[in-house]
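A structural walkthrough
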Amino acid sequence: SMLAAAKQRALAVLQKNDRGGYTVPSEKLYPFQWNWDSAFIALGWAAAGQRERGWEEVRALLRGQWEDGMIPHIVFHSVQPSYNPGPEIWGSPCKDRALPTSGITQPPVITSVVREMMEEEEREGGKRVVEVATSILPALYRYHAWFMRYRDPHQVGVVAITHPWESGMDNNAAWDKPLKAVPIREGVHNRYTRKDTTHVDASQRPKQEEYDRYISLLEAFAEVGYDADRIPAHSPFWVADVAVNMILLRAHKDMKAMYAYLRTHHCDLFTPNMKEEEESVERWIERMEKGINVHLWHEEGGFFVSKNLLTDEQLTVKTAAGALCYYAGVSDEEKTRRVTAELRKWAEEVTYLMPSTSPLAGEFDHRRYWRGPVWINVNYLIWRGLDEQGEKGLASKVKADSQALVGTLTDADVSKSGEGERESKVQLGVGCREYFSPVTGEGLGGDGFSWTAALALHWLFH
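Presented here is an overview of the structure given in this document. (Residues numbered from 1 in each chain as written. Predicted model: local features only at pLDDT ≥ 70, side-chain atom pairs only at ≥ 80, totals over all residues. Heavy atoms only, no water.)

This paragraph deals with the overall build of the chain. In terms of regular secondary structure, the chain is built from 18 helices and nine strands. In terms of overall size, the chain behaves like a compact globule, its C-alpha atoms giving a radius of gyration of 21 Å where 462 residues would be expected to give roughly 23 Å. Along the three orthogonal principal directions, the C-alpha set of the chain runs to about 65 × 60 × 50 Å. Split into buried and exposed, the 462 residues of the chain put 62% on the buried side. Of the contacts made within the chain by residues no fewer than 6 positions apart, 71% connect residues no fewer than 24 positions apart. Averaging the locations of the 54 positively and 65 negatively charged side chains of the chain gives two centres separated by 1 Å. (Helix = DSSP H or I, 4+ residues; strand = E, 2+ residues; numbered from the N terminus. Rg over C-alpha atoms; globule rule 2.2 N^0.38 Å. Buried < 20%, exposed > 50% of the residue type's maximum accessible area, 1.4 Å probe, protein only. Contact = heavy atoms within 4.5 Å. Lys, Arg positive; Asp, Glu negative; His and termini not counted. Charge placed at Lys NZ, Arg CZ, Asp CG, Glu CD.)

Spelled out as structure tokens, the structure:
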């Protein structure tokens, strides 16, 4: 059947990108292990009936965890010449670790994924709950504590990111202004080589000047030895990203649910220590629910937005990240009504939801990375939230659009389309592109992209 073939193709993408214990997001473009990619990828392995391989993915990521609790955004399990910046650009202490990593983090979706996988384990009578309780959950708790201690040092109720890459949405239009304030360091462009534009057309990637600022930030962090206590005072970029905050709040809630689950069903695994941790998590939830509503709600625009904490100004461009409010369960009825109305306006402007930047914004560019294209991982999180909060109409459109983008693009469709240039690129997993135009539905960026394949298995074709 078509469905079986689509699943087969998606699994083939994961198998092609499997490096034994961890999965690369894309063969040439991203040849290491990425934090939030691996979370989604773990769900894909489990959905393909390889639950143990899913847990391996989680363990491999946690092996990169720092002493202070941070889980980095890249773990360099092996050296790959096709990707730069590689370990060397991060400086010490990143590159000198037993397992080299980057020195920044990414949206902490891993906790919510572990909860989902743990519940699946229980339904299937799996054996991994002991491991979750004794080693995975404690590691995740330390990660959450790191965010709350080092990224909200003054307890304002929102956590900061120190680099656009930490948002996972690198050239998101919301970063234009705060990034412009990051000084480009003397001669920085001589100290790194970009490989991304050799694999993907430059018009679909971040611009050169943005890249110089990205690397200038890393050099500033290296100067303070990536000391989490010193970074707040030394980072020229300190922004409350709406996506990271919504995802972390949801992760806190999922962590709380895991503690409650263990207490109820596995009281032998529920330690006195966990009782204290659970209480901390409850306080964090309260602090963030308040903080997000105070700092990230833009009353005039009727939407959740990011905020530059250095200048105390909201970054009012509307992006798909604001639509994660349903997923975080953070919004009251009136706010939800306004966000939903805004998303319906977007749906009238584009063919496929959810564009990464509002199609009504001047910054919208339907083919450039995070400035317009649809991303399946963001669609998945938005869909879950909409579905849970009872916004069934929008939820089913987000899912149907995602299925159309990924699933109906068979080899035959592509060769019939008469685009000679695309024809030569027909290969396995042609529907599993990195991102898609919300206007034309065209697949863009990396090919055979892991989280797209994983979520096809876990969500779209399940």
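Turning our eyes to something else, we now look at the sheet that holds strand E7 (residues 313-315). The antiparallel open sheet is built from three strands, whose spatial order is E3-E6-E7. Two strands bound the open sheet, and with one partner strand each, they are strand E3 (239-240) and E7. Both E3 and strand E6 (residues 306-308) contribute to a ladder of two bridges, which runs antiparallel. Within E6, the residue paired with Val239 across the bridge is Asn308. (Pairing = 2+ DSSP bridges.)

Right, let's talk about the nonpolar core for a bit. One finds Trp90, Val114, Met246, Ile292, Phe304 and Leu343 to be the most contacted residues of the largest nonpolar core, which totals 148 residues. Residue contributions to this core peak at 13 residues, all from helix H5 (residues 129-150). (Core = buried A, V, L, I, M, F, W, Y, C linked by side-chain atoms within 4.5 Å.)

Moving on to the environment of Lys399. Looking at where Lys399 falls in the secondary structure, it is placed in helix H15 (residues 392-407). For Lys399, a relative accessible area of 23% corresponds to the partly exposed category. Separated by 19 residues in the primary sequence, Lys399 and Tyr380 place their C-alpha atoms 7.7 Å from one another. Ignoring sequence-local partners within four residues, the contact set of Lys399 consists of Trp383, Trp459 and Leu460.

Now for the packing of aromatic side chains. Under the criterion given, the structure shown has 32 aromatic pairs. Ring geometry for Tyr141 and Trp284: centres 5.4 Å apart, planes at 20°, overall stacked. Highlighted residues: Tyr141 in helix H5 and Trp284 in helix H11 (residues 272-295), separated in sequence by 143 residues. There is no split in this pair, since Tyr141 and Trp284 are both buried. Aromatic pair Trp375 and Tyr435: ring centres 4.7 Å apart, planes at 25°, arrangement stacked. A residue pair is termed long-range when its members are at least 10 positions apart, and Trp375 in the loop between helix H13 (333-349) and helix H14 (376-388) and Tyr435 in strand E8 (residues 435-436) qualify at 60 residues. Comparing Trp375 with Tyr435 shows no difference in burial state: the two are buried. (Phe/Tyr/Trp six-rings, centres within 6.5 Å; stacked < 30°, edge-to-face > 60°.)

Next up on the list: the environment of Glu363. Secondary-structure assignment places Glu363 in the loop between H13 and H14. The sequence separation of Glu363 and Ala173 amounts to 190 residues, and the corresponding C-alpha distance is 6.4 Å.

Next up on the list: H14. For H14, built from 13 residues, the straight-helix expectation of 18 Å at 1.5 Å per residue is met to within 8% by its first-to-last C-alpha distance of 18 Å. By the criterion of burial, H14 is predominantly enclosed, with 10 of the 13 residues buried. Along H14, the residues that are buried comprise Ile376, Asn377, Val378, Asn379, Tyr380, Leu381, Ile382, Trp383, Gly385 and Leu386. (Expected span 1.5 Å × (residues − 1).)

As a further point, take the pattern of salt bridges. Under the defined criterion, the tally for this structure stands at 41 salt bridges. Two residues, Asp254 and Arg115, come together in a salt bridge whose shortest N-O distance is 2.7 Å. Highlighted residues: Asp254 in helix H10 (residues 242-265) and Arg115 in helix H4 (residues 110-123), separated in sequence by 139 residues. Here Arg263 and Glu278 are joined by a salt bridge, their closest N and O atoms 2.6 Å apart. Placement of the pair is Arg263 in helix H10 and Glu278 in helix H11, with a sequence separation of 15 residues. A relative accessible area of 37% places Arg263 in the partly exposed class. In the salt-bridge network here, residues are joined through shared partners; they are Arg115, Glu116, Glu119, Arg250, Asp254, Arg384 and Glu388. (Salt bridge = Lys/Arg side-chain N within 4 Å of Asp/Glu carboxyl O.)

Quick look at the side chain of His252 now. Residue placement: His252 occurs in helix H10. On the accessibility criterion, His252 (0% relative accessible area) is buried. A distance of 2.9 Å separates polar atoms of two side chains, one belonging to His252 and the other to His144. With residues up to four places along the chain from it excluded, the contact list for His252 reads His144, Met148, Val281, Trp284, Ile285 and Met288. (Polar contact = N/O pair within 3.5 Å; in protein donor to acceptor, adjacent residues only side chain to side chain.)

With that settled, consider H5. In a regular helix each residue adds 1.5 Å, so 22 residues correspond to 32 Å; H5 covers 30 Å between its end C-alpha atoms and thus fits that length. Of all the bends in H5, the greatest, near 40°, is centred on Ile136, and the proline Pro138 appears no more than four residues after it. (Bend = angle between axes of the 7 residues up to and from the residue.)

Quick look at the packing of helix H2 (residues 35-47) against helix H18 (residues 450-460) now. One way to put it is that H2 packs onto H18 with a least axis distance of 7 Å and a crossing angle of 40°. Considering their axes alone, H2 and H18 lie oblique with respect to each other. The way H2 lies across H18 gives a crossing that is left-handed. Seen from H2, the contacting residues are Trp36, Asp37, Phe40, Ile41, Leu43, Gly44 and Ala47; seen from H18, they are Ser450, Trp451, Ala454, Leu455, Leu457 and His458. Of the residues assigned to the contact of H2 with H18, the class counts are nine nonpolar, three polar and one charged. (Axes fitted to C-alpha atoms, helices over the stretch in contact; angles between N-to-C directions. Parallel < 35°, antiparallel > 145°, perpendicular 65-115°, else oblique. Left-handed = near helix turned anticlockwise from the far one by under 90°. Nonpolar A, V, L, I, M, F, W, Y, C, P; charged D, E, K, R; others polar.)

With that out of the way, let us pick up unusual backbone geometry. Following Leu353, the chain continues to Met354 via a peptide bond in cis, the omega torsion being 0°. Considering the arrangement of structural elements, one finds Met354 in the loop between H13 and H14. For Gln155, which is not glycine, the phi torsion reads 55° and is therefore positive. Take Gln155: it is sitting in the loop between H5 and helix H6 (176-180).

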